[in-house]
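# Results of the structural survey
For reference, the chains in residue letters:
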Amino acid sequence: MWEPTKTEKYGAAVHNFHDWPGDLKGALRLDVGDTVHILERCEGWLRGFCTKNRNALGIFPASYIHLKPFRVENEGSRELVIPVEDAVVQEAAAVLREWGQIWKDMFVVSYAMCAMMEGHVCGESCHVCHDGRTCLW
(Lines give C-alpha, C1' and ligand atoms only; values in the text may rest on other atoms or scores of the structure.)
Protein backbone atom coordinates (compact mmCIF):
# COMPACT_ATOMS: atom_id res chain seq x y z
CA MET A 1 0.00 0.00 0.00
CA TRP A 2 1.38 3.39 -0.98
CA GLU A 3 2.12 5.70 1.95
CA PRO A 4 3.03 9.40 1.78
CA THR A 5 6.67 10.10 2.58
CA LYS A 6 7.68 12.44 5.38
CA THR A 7 11.48 12.16 5.53
CA GLU A 8 12.13 11.00 1.96
CA LYS A 9 11.14 13.84 -0.31
CA TYR A 10 14.13 14.67 -2.50
CA GLY A 11 16.89 12.64 -4.09
CA ALA A 12 19.09 12.00 -7.10
CA ALA A 13 19.19 8.94 -9.35
CA VAL A 14 22.41 6.93 -8.96
CA HIS A 15 21.48 4.39 -11.66
CA ASN A 16 19.70 4.66 -15.00
CA PHE A 17 16.15 3.32 -14.88
CA HIS A 18 15.20 2.76 -18.52
CA ASP A 19 14.48 -0.91 -19.03
CA TRP A 20 11.95 -2.47 -16.73
CA PRO A 21 9.85 -5.63 -16.79
CA GLY A 22 7.02 -5.48 -19.34
CA ASP A 23 4.31 -5.77 -16.71
CA LEU A 24 5.52 -2.67 -14.80
CA LYS A 25 3.06 0.09 -15.58
CA GLY A 26 3.66 3.72 -14.70
CA ALA A 27 7.45 3.54 -14.43
CA LEU A 28 9.38 6.83 -14.49
CA ARG A 29 12.40 6.92 -16.81
CA LEU A 30 15.47 8.17 -14.91
CA ASP A 31 19.03 8.98 -15.95
CA VAL A 32 21.93 9.14 -13.51
CA GLY A 33 21.89 12.56 -11.86
CA ASP A 34 18.18 13.27 -12.37
CA THR A 35 16.67 14.80 -9.26
CA VAL A 36 13.30 13.55 -8.08
CA HIS A 37 10.55 14.81 -5.81
CA ILE A 38 9.29 11.78 -3.89
CA LEU A 39 5.62 11.63 -2.96
CA GLU A 40 4.95 8.06 -1.79
CA ARG A 41 6.71 4.79 -0.84
CA CYS A 42 5.65 1.13 -1.08
CA GLU A 43 7.81 -1.97 -0.45
CA GLY A 44 11.09 -0.77 -1.98
CA TRP A 45 9.48 1.44 -4.62
CA LEU A 46 8.96 5.19 -4.70
CA ARG A 47 6.42 7.28 -6.59
CA GLY A 48 7.20 10.82 -7.65
CA PHE A 49 8.36 12.95 -10.52
CA CYS A 50 11.60 14.12 -12.06
CA THR A 51 12.17 17.80 -11.28
CA LYS A 52 13.00 18.52 -14.94
CA ASN A 53 9.49 17.37 -15.94
CA ARG A 54 6.94 17.74 -13.18
CA ASN A 55 4.12 16.41 -15.37
CA ALA A 56 5.63 12.91 -15.66
CA LEU A 57 4.62 11.07 -12.50
CA GLY A 58 5.80 7.49 -12.08
CA ILE A 59 7.35 4.80 -9.93
CA PHE A 60 11.02 3.80 -9.58
CA PRO A 61 13.13 1.60 -7.28
CA ALA A 62 14.07 3.21 -3.96
CA SER A 63 17.54 1.64 -4.24
CA TYR A 64 18.21 3.74 -7.37
CA ILE A 65 17.86 7.01 -5.42
CA HIS A 66 20.35 8.77 -3.15
CA LEU A 67 18.37 10.87 -0.68
CA LYS A 68 19.46 14.48 -0.33
CA PRO A 69 18.79 17.14 2.31
CA PHE A 70 15.74 19.34 1.73
CA ARG A 71 13.19 21.63 3.36
CA VAL A 72 9.47 21.74 2.68
CA GLU A 73 7.33 24.83 2.16
CA ASN A 74 3.52 24.74 1.88
CA GLU A 75 2.96 21.19 3.08
CA GLY A 76 0.07 19.26 1.56
CA SER A 77 -1.15 19.28 -2.03
CA ARG A 78 0.85 22.43 -2.86
CA GLU A 79 4.05 21.40 -1.09
CA LEU A 80 7.31 22.71 -2.42
CA VAL A 81 10.47 20.69 -1.76
CA ILE A 82 13.60 22.83 -1.78
CA PRO A 83 17.10 21.31 -1.76
CA VAL A 84 19.36 22.71 0.97
CA GLU A 85 22.66 22.04 -0.75
CA ASP A 86 25.11 24.85 -1.23
CA ALA A 87 24.31 26.93 -4.34
CA VAL A 88 27.77 26.23 -5.83
CA VAL A 89 27.20 22.47 -5.48
CA GLN A 90 23.78 22.79 -7.13
CA GLU A 91 25.22 24.81 -10.03
CA ALA A 92 28.14 22.41 -10.55
CA ALA A 93 25.77 19.42 -10.56
CA ALA A 94 23.46 21.13 -13.06
CA VAL A 95 26.37 21.93 -15.39
CA LEU A 96 27.70 18.36 -15.20
CA ARG A 97 24.23 16.96 -15.98
CA GLU A 98 23.94 19.30 -18.96
CA TRP A 99 27.42 18.42 -20.26
CA GLY A 100 26.72 14.74 -19.73
CA GLN A 101 23.64 14.97 -21.94
CA ILE A 102 25.56 16.89 -24.62
CA TRP A 103 28.39 14.32 -24.66
CA LYS A 104 25.90 11.46 -24.70
CA ASP A 105 24.08 13.00 -27.67
CA MET A 106 27.37 13.58 -29.49
CA PHE A 107 28.56 10.01 -28.90
CA VAL A 108 25.30 8.40 -29.99
CA VAL A 109 25.16 10.52 -33.16
CA SER A 110 28.87 10.01 -33.88
CA TYR A 111 28.68 6.26 -33.30
CA ALA A 112 25.65 5.91 -35.58
CA MET A 113 27.36 7.99 -38.28
CA CYS A 114 30.56 5.90 -38.04
CA ALA A 115 28.63 2.66 -38.35
CA MET A 116 26.73 3.98 -41.35
CA MET A 117 29.92 5.25 -43.03
CA GLU A 118 31.74 1.99 -42.35
CA GLY A 119 28.96 0.07 -44.08
CA HIS A 120 29.03 2.35 -47.14
CA VAL A 121 32.79 2.71 -47.46
CA CYS A 122 33.94 -0.79 -46.60
CA GLY A 123 31.46 -3.09 -48.19
CA GLU A 124 33.31 -6.33 -48.90
CA SER A 125 36.79 -4.82 -48.57
CA CYS A 126 36.73 -4.50 -44.78
CA HIS A 127 38.62 -6.91 -42.61
CA VAL A 128 39.12 -7.09 -38.86
CA CYS A 129 42.74 -6.67 -37.80
CA HIS A 130 44.37 -8.75 -35.08
CA ASP A 131 43.81 -5.93 -32.56
CA GLY A 132 40.06 -5.71 -33.30
CA ARG A 133 40.10 -2.57 -35.45
CA THR A 134 38.52 -2.45 -38.87
CA CYS A 135 41.07 -2.14 -41.66
CA LEU A 136 40.79 -1.44 -45.37
CA TRP A 137 42.80 -3.84 -47.55
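In short, a report on the structure. Remember, predicted model here, so these are calculated numbers, not experimental data. Each residue is numbered by its place in its chain's sequence as written, counting from 1. Local features in a predicted model are, by the rule used here, given only for residues with pLDDT of at least 70; side-chain atom pairs are given and counted only at 80 or more, and totals for whole chains, interfaces and linings are based on all residues. Only hydrogens and water are set aside; all other atoms, that is, all heavy atoms of the structure, feed into the side-chain values.

## Side note on the packing of aromatic side chains
Paired rings are identified among Phe, Tyr and Trp, the last through its six-membered ring, by centres lying within 6.5 Å, and are further divided according to the angle between planes into stacked (under 30 degrees), edge-to-face (over 60) and tilted (the rest). Inspection of the entire model under this criterion finds 2 aromatic pairs. Seen from their ring centres, F17 and Y64 are 5.7 Å apart, and the 85 degrees between their planes marks the pair as edge-to-face. Note that F17 is positioned in the loop between β2 (10-13) and β3 (35-42) and Y64 in the loop between β5 (53-61) and β6 (65-67), a separation of 47 residues in sequence. Partly exposed residues are those whose accessible area sits between 20% and 50% of the maximum for their type, while under 20% is buried and over 50% is exposed, using a 1.4 Å probe and protein chains only. What makes Y64 partly exposed here is its relative accessible area of 25%. By the ring-pair criterion, three or more aromatic residues cluster together here, those being F17, W45 and Y64. One cation-aromatic arrangement involves R47 over W2; the distance from NZ or CZ to the ring centre is 4.1 Å. Counting from the N terminus, the helices are the DSSP runs of H or I reaching at least four residues and the strands are the DSSP runs of E reaching at least two. Two limits define a charge over a ring: the Lys NZ or Arg CZ must be within 6 Å of the ring centre, and within 35 degrees of the ring normal.

## A short note on the pairing of β5
Judged from the 6 bridges that link them, strand β4 (residues 45-50) and β5 form a sheet pairing that is antiparallel. Pairing of L46 across the sheet is with F60, part of β5. At least two DSSP bridges between two strands are needed for those strands to be called paired.

## Some remarks on the nonpolar core
With 14 residues, the main nonpolar core has F17, L30, V36, I38, L46, F60 and I65 as its most contacted residues. Looking at this core, the elements with two or more residues in it are β3, β4 and β5. Only heavy atoms enter the contact rule, under which two residues are in contact if any of them lie within 4.5 Å. Sequence-distant contacts of I38, defined by excluding residues within four places in its chain, comprise T5, E8, K9, Y10, G11, L46, R47, G48, F60, I65 and L67. To form a nonpolar core, buried Ala, Val, Leu, Ile, Met, Phe, Trp, Tyr and Cys residues must be joined to one another through side-chain atoms within 4.5 Å.

## Some remarks on the side chain of K9
Tracing the chain through its elements places K9 in the loop between β1 (3-4) and β2. On the accessibility criterion, K9 (8% relative accessible area) is buried. For K9, the residues in contact, after removing those within four places along its chain, are V36, H37, I38, F70, E79 and V81.

## Points about the environment of K52
Of note, K52 is situated in the loop between β4 and β5. For K52, a relative accessible area of 60% corresponds to the exposed category. Taking C-alpha positions, K52 is 7.8 Å from D34, a pair spaced 18 residues apart along the chain. Aside from chain neighbours lying at most four places away, what touches K52 is D31 and D34. Here the side chain of K52 touches D34 through a polar contact of 3.1 Å, side chain to side chain. A 3.5 Å cut-off defines polar contacts: any pair of N or O atoms within that distance qualifies, except that in protein one atom must be a possible hydrogen donor and the other a possible acceptor, and neighbouring residues in sequence count only when both atoms are side-chain atoms.

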